Amino acid sequence: MKDIKWIFVFYSLAALLAMTGIGVAVGLRSIPLILLALLLLFGIMGMGFKKKKEMREAGLL
């Protein structure tokens, strides 16, 4: 592990915040907020996996 890929640190922290948002929404018993946080989580995770695939294909990983 020679070099930190900061973009993946950003994606992981954003996904962590989305997961935290799910917990807060459950605590508030708000279904719309739960669904919003889930959509954010899936979107962030999807972007992260897409970026990883692009970087792997470009030989940067």
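Right above here is the structure, for reference.
Residues numbered from 1 in each chain as written. Predicted model: local features only at pLDDT ≥ 70, side-chain atom pairs only at ≥ 80, totals over all residues. Heavy atoms only, no water.

A. Broad picture of the overall build of the chain. When helices and strands are counted, the chain shows 2 helices and 0 strands. Counting only C-alpha atoms, the chain reaches 45 × 20 × 10 Å along its principal axes. Across the chain, every contact between residues at least 6 apart in sequence was considered, and the portion connecting residues at least 24 apart equals 58%. When the accessible surface of the chain is summed, it comes to about 5,000 Å², and 73% of that surface belongs to carbon and sulfur atoms. (Helix = DSSP H or I, 4+ residues; strand = E, 2+ residues; numbered from the N terminus. Contact = heavy atoms within 4.5 Å. Areas by Shrake-Rupley, 256 points an atom, 1.4 Å probe, with all protein chains shown as cover.)

B. Main features of the pattern of salt bridges. By the definition in use, this model includes 1 salt bridge. Between D3 and K5 there is a salt bridge, with its nearest N and O atoms 3.8 Å apart. (Salt bridge = Lys/Arg side-chain N within 4 Å of Asp/Glu carboxyl O.)

C. Quick peek at the packing of aromatic side chains. Tallied over the full model, the rule gives 1 aromatic pair. Taken together, a centroid distance of 5.8 Å and an interplanar angle of 50 degrees make the contact between F10 and Y11 tilted. Relative accessible area serves as the criterion here: at 51%, F10 is assigned to the exposed category. (Phe/Tyr/Trp six-rings, centres within 6.5 Å; stacked < 30°, edge-to-face > 60°. Buried < 20%, exposed > 50% of the residue type's maximum accessible area, 1.4 Å probe, protein only.)

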